[in-house]
Amino acid sequence: MSAAASCLLAEDAFLCSICLDMFTNPVSTPCGHNFCKTCITKHWDINVPYQCPNCNKVFNTRPELQVNTFISEVAAHSSEQQVSKPGEVPCDVCTGTKLKALKSCLVCLESYCETHLERHLTMSGLKRHQLIDPVENLEGRMCPKHDKLLELFCKTDQTCVCMLCTVSDHKTHNVVPLKEEYEGKKVELGKTDAEIQQMIQKRRLKIEEIKYSVELSKEDADRETADGVQVFTALKESVERSQAELIDTIKEKQRKTEKQAEGFIKELEQEISELKKRRTEVEQLSQSEDHLHLLQSFTSLNAAPPTKDWTEVSIRPPSYMGTVRRAVNQLEETLSKQMKKLFEAEVKRVQQSAVDLTLDPDTAHPKLILSDDGKQVKHGDVRKKLPDNQERFDRCGNVLAKQSFSSGRYSYEVQVKGKTEWDLGVVRESLNRKGVNTLKPQNGYWTICLRNENEYKACAGPPVRLSLKSRPEKVGVFVDYEEGLVSFYDIEAAVLIYSFTGCCFTEKLYPFFSPCSKDAVKNSDPLIISPINHTE
């Protein structure tokens, strides 16, 4: 059966009067009424005599049910259409089970399923109606004032209007067909969609960047843990070994003392034994009453056994003075070697974050002389005529790098060989570059300095005097912005000079250099930014 024919039937004709739903395996009774096969069978299983639920006709015997092929075809065709689900537009014509609408008519202001849409597709009068994808609230597409279709758009008021609105409230406004505005808005939406996709992509890339950073952090953490375990294991073994050696040393001294004492005691006991033997002989002879025997035996009495003069003999307990101290000193040497290895590894890691710096001539004091490549700076005697721009230091012989940093980790190295005075570090962007300023964190400076050839200080406010075993020839500067850390290293000696910790950075940081005044020829050498050395 065609859909055109089915639409001529009432919707109720396809509903079972028992279950009130679309027919399933429809059958007909002898009286001509139709039911689902399961529904009428269960009805007659319970109700006797056999009676038609519609007309109440009674059958003496259970009637034989006939399959209704006509209704089966129609029901099968209808079942192919989807039942309207929550959130979907239902057909306005369907009774009972509402099917999903395929189109909405802007003239009839109704939505139709496939079956009920047939008339709009076949009848000439309805073919001219404007059909759109199914929408709810078709009344909202009508002008509330003129009850006409909203088919125009007022660009002036940014609202949808009908034809009558253009000759009344919107007479002088810029009005265009809905389709024209629709196409324009579609283009805008396309651009917006592209922008959103780009934003999504950027955020996905940021997620990958964050994940990669976490992976790097984990690798760093695992490496640092492994290094730490190795170092502390070695230190623990060294401590245990030193402790064992200390105990062995003390025990050996005590063993020697005991052995010496045992030798003396054995020798004394031997003399005592000999003396006791002689005493016995003396006692026996002295008890004799035979005058002749005593006198004859006295001359033959054995001479006294040789004995030692024990007056000056004594056991002096060994001295343990300095034993523990010497063991600790040895341990300190071992610890110092381990610390040196650690600093060497730390310097190598610092060098992995090296950045390429160039001095900024716009910030240089007029007496400073910069090399053409921007890698060297020294103090000159002549004050050059330069623009007194806001960035330039006007009283102190300072200069900044062109590069600035507001996140992450970075490092650079500066050769200070041959100089008797210098300042190095980082400064915040907003520091005062005019007049004389005290170098300290409160003023935006995180620096160390050399004065009078061998006076090293951390400009911490108040300054901290630094005791260095050797004069650095190359100083490394390492900054961890998020960690709030600025560290200075003696690169050649692989030792830490000083660290500013717990800093709170809120703006850009610039590398800072000051070669200080020449002091005749003693401090004429330049500060030199070293080439990048990413040590493996």
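As the structure is a computational prediction, the values presented were derived from the model and not from experiment.

J.: What is the right way to look at the pattern of salt bridges in this model?
T.: Proximity of charged atoms lets side chains of opposite charge pair with each other. Evaluated as defined, the whole model comprises 19 salt bridges. Note that Lys103 and Asp133 form a salt bridge whose closest N and O atoms lie 3.2 Å from each other. Linking Lys103 in strand E6 (residues 103–105) with Asp133 in the loop between strand E8 (131–132) and strand E9 (152–154), this pair joins segments that are 30 residues apart in sequence. A relative accessible area of 54% places Asp133 in the exposed class. The salt bridge partner of Lys434 is Asp388, with a shortest N-O separation of 2.8 Å. Of the two residues, Lys434 is situated in the loop between strand E16 (422–428) and strand E17 (445–451) and Asp388 in the loop between strand E13 (376–379) and strand E14 (399–400); the sequence distance between them amounts to 46 residues. You can call Lys434 partly exposed: its relative accessible area is 27%. Asp388 gets classed as exposed once you look at its relative accessible area, which sits at 56%. Among the charged side chains, a network of salt bridges with common partners joins Lys155, Glu181 and Lys185.

J.: Would you mind going over the sheet that holds strand E7 (residues 110–112) with me for this structure?
T.: To summarise the sheet geometry, strands pair through backbone hydrogen bonds and adopt either a parallel or an antiparallel arrangement. Across the sheet, which stays open at both edges, the three strands sit in the order E7-E6-E8 with antiparallel pairing between neighbours. One side of each edge strand has no neighbouring strand; the edge strands of this open sheet are E7 and E8. Of the strand pairs in this sheet, E6 and E7 are connected by three bridges, and their pairing is antiparallel. Note that in E7 the partner of Lys103 across the bridge is Tyr112. Each of E6, E7 and E8 touches helix H4 (residues 114–122); the most contacted strand, E7, lies at about 110 degrees to it.

J.: How should the nonpolar core be read in this particular structure?
T.: For soluble globular proteins, nonpolar side chains are generally found buried alongside one another. Counting 37 residues, the largest nonpolar core has Trp422, Val486 and Phe513 as its most contacted members. Setting aside residues no more than four positions away along its own chain, Val486 makes contact with Val426, Trp446, Val477, Phe478, Val479, Tyr498, Ser499, Phe500 and Phe505.

J.: Honestly, the pairing of E13 in this entry has me stumped. Any pointers?
T.: Because side chains alternate across E13, one face comprises the buried residues Val377 and His379, and the other comprises Gln376 and Lys378, none of which is buried. Note: strand E12 (residues 368–370) against E13, three bridges, orientation antiparallel. The residue bridging Leu368 from the neighbouring strand is His379, located in E13. Count of turn residues in the E12/E13 antiparallel hairpin: five residues, of which Gly374 carries a positive phi of about 70 degrees. Two strands pair when backbone bridges link them, and E13 and strand E24 (residues 527–529) are joined in this way by two bridges, in the antiparallel orientation. Paired with Gln376 across the bridge in E24 is Ile528.

J.: Please clarify how the packing of aromatic side chains should be interpreted in this entry.
T.: Tallying each qualifying case throughout the model produces 12 aromatic pairs. Arranged with centres 6.4 Å apart and planes meeting at 70 degrees, the rings of Phe393 and Phe512 form a pair that is edge-to-face. Taken together, the residues Phe393 in the loop between E13 and E14 and Phe512 in strand E23 (residues 509–514) connect sequence positions 119 residues apart. Residue classification places Phe393 among the buried residues on the basis of a relative accessible area of 2%.

J.: Would you explain the side chain of Ser104 in this entry?
T.: Within the element layout of this structure, Ser104 appears in strand E6. Accessibility expressed as a relative area gives 0% for Ser104, which makes it buried. There is a polar contact of 2.7 Å between the side chain of Ser104 and the side chain of Ser111. Within the structure, the side chain of Ser104 is placed 3.0 Å from the backbone nitrogen of Val135, a separation counted as a polar contact. Among all residues touching Ser104, those that are not within four sequence positions of it are Glu110, Ser111, Gln130, Leu131, Ile132, Asp133, Pro134, Val135 and Leu138.

J.: Explain the packing of helix H6 (residues 178–286) against helix H8 (residues 323–351) here, please?
T.: Two measures define how a pair of helices packs: the angle their axes make with one another and the distance between the axes. Running from N to C, H6 and H8 cross one another at 165 degrees; their axes reach a closest spacing of 9 Å. Classed by the angle they form, the pair H6 and H8 counts as roughly antiparallel. Crossing of H6 over H8 shows right-handed handedness.

J.: Honestly, the sheet that holds strand E2 (residues 34–36) in this entry has me stumped. Any pointers?
T.: Within the open sheet, the three strands sit side by side as E2-E1-E5. Their pairing is antiparallel. Looking along the sheet, the strands with just one partner apiece sit at the ends: E2 and strand E5 (66–67). Looking at chain direction, strand E1 (residues 26–28) and E2 are connected through three bridges and run antiparallel. By the bridge assignment, Val27 is partnered in E2 with Phe35. Its contacts with the sheet place helix H2 (residues 37–46) against E1 and E2, and it is angled at close to 90 degrees to E2.

Reading guide: rules and limits
- Residue numbers here run from 1 along each chain, matching the order of that chain's written sequence.
- With pLDDT at 70 or above as the cut-off, local features in this predicted model cover only qualifying residues; side-chain atom pairs require 80 or more to be listed or tallied, and sums for whole chains, interfaces and linings still use all residues.
- Hydrogens and waters are ignored; side-chain quantities use all the structure's heavy atoms.
- Take a side-chain nitrogen of Lys or Arg and a carboxyl oxygen of Asp or Glu: if they are within 4 Å of each other, that pair is a salt bridge.
- Where helices and strands are cited, they refer to DSSP runs of H or I of at least four residues and of E of at least two residues respectively, numbered from the N terminus.
- Exposure categories follow from relative accessible area, calculated using a 1.4 Å probe and restricted to protein chains: below 20% of the type maximum is buried, above 50% is exposed, and the middle band is partly exposed.
- By definition, two strands form a pair when at least two bridges between them are found by DSSP.
- Only heavy atoms matter for contacts: two residues are in contact if any of them lie within 4.5 Å across the pair.
- Every axis corresponds to a line fitted to the C-alpha atoms, with the helix fit spanning only the stretch in contact, and the corresponding angles, defined between N-to-C directions, vary from 0 to 180 degrees.
- As used here, the term nonpolar core means buried Ala, Val, Leu, Ile, Met, Phe, Trp, Tyr and Cys residues forming a set that is joined through side-chain atoms within 4.5 Å.
- In this analysis, rings of Phe, Tyr and Trp, with Trp reduced to its six-membered ring, are considered paired at centre separations within 6.5 Å, and the interplanar angle assigns stacked below 30 degrees, edge-to-face beyond 60, and tilted for intermediate values.
- Polar contacts, as counted here, are pairs of nitrogen or oxygen atoms within 3.5 Å of one another; within protein the pair requires one atom able to donate a hydrogen and one able to accept it, and residues that are adjacent in sequence qualify only if both atoms are side-chain atoms.
- By definition in this entry, angles of less than 35 degrees are roughly parallel, angles greater than 145 are roughly antiparallel, angles of 65 to 115 are roughly perpendicular, and the rest are oblique.
- Throughout, a crossing is termed right-handed when the near helix is turned clockwise from the far one, and left-handed when it is turned anticlockwise from it by less than a right angle.

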